[in-house]
Amino acid sequence: MNIYLEGGPDGLAEHALPLAPTAEIKIPYRGGYEHFIPTPRFRGTAIGRARVFEWTCRTVSPNSS
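A brief structural summary. Note that the structure is a prediction, hence the values are computed from the model and not measured. (Residues numbered from 1 in each chain as written. Predicted model: local features only at pLDDT ≥ 70, side-chain atom pairs only at ≥ 80, totals over all residues. Heavy atoms only, no water.)

Describing the overall build of the chain
Per the secondary structure count, the chain includes 0 helices and 5 strands. The secondary structure elements of the chain, listed N-terminal to C-terminal, are β-β-β-β-β. C-alpha extents for the chain along the principal axes are approximately 40 × 20 × 15 Å. Buried positions account for 29% of the 65 residues belonging to the chain. Sequence separation of at least 24 residues holds for 41% of the intrachain contacts in the chain that already meet a minimum separation of 6. Split by element, the accessible area of the chain, about 4100 Å² in all, is 55% carbon and sulfur. In the chain, 7 side chains carry a positive charge and 6 a negative one; their mean positions are 5 Å apart. (Helix = DSSP H or I, 4+ residues; strand = E, 2+ residues; numbered from the N terminus. Buried < 20%, exposed > 50% of the residue type's maximum accessible area, 1.4 Å probe, protein only. Contact = heavy atoms within 4.5 Å. Areas by Shrake-Rupley, 256 points an atom, 1.4 Å probe, with all protein chains shown as cover. Lys, Arg positive; Asp, Glu negative; His and termini not counted. Charge placed at Lys NZ, Arg CZ, Asp CG, Glu CD.)

Right, dumping it as structure tokens:
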């Protein structure tokens, strides 16, 4: 399965990834993590049909300054 990341901060482009998670995922980005949750939606992408994961929040890595 592919996933499509939707939303998030400026600079983190929406894009499709060849992953198959079914729960929340977190992407390391600029000293923190961007959190995405699965939705019931799918969309066509350049790499095929993808489940849409939407951005929910950002957390800061405890090791960032």
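A closer look at the side chain of Glu-34
Checked against the element boundaries, Glu-34 lands in strand 4 (residues 32–45). For Glu-34, a relative accessible area of 1% corresponds to the buried category.

Some thoughts on the packing of aromatic side chains
Taken as a whole, this structure holds 0 aromatic pairs when the rule is applied. One cation-aromatic arrangement involves Arg-43 over Tyr-4; the distance from NZ or CZ to the ring centre is 4.1 Å. Sitting over the face of the ring of Phe-42, Arg-49 holds its NZ or CZ atom 3.9 Å from the ring centroid. (Phe/Tyr/Trp six-rings, centres within 6.5 Å; stacked < 30°, edge-to-face > 60°. Lys NZ or Arg CZ within 6 Å of the ring centre and 35° of its normal.)

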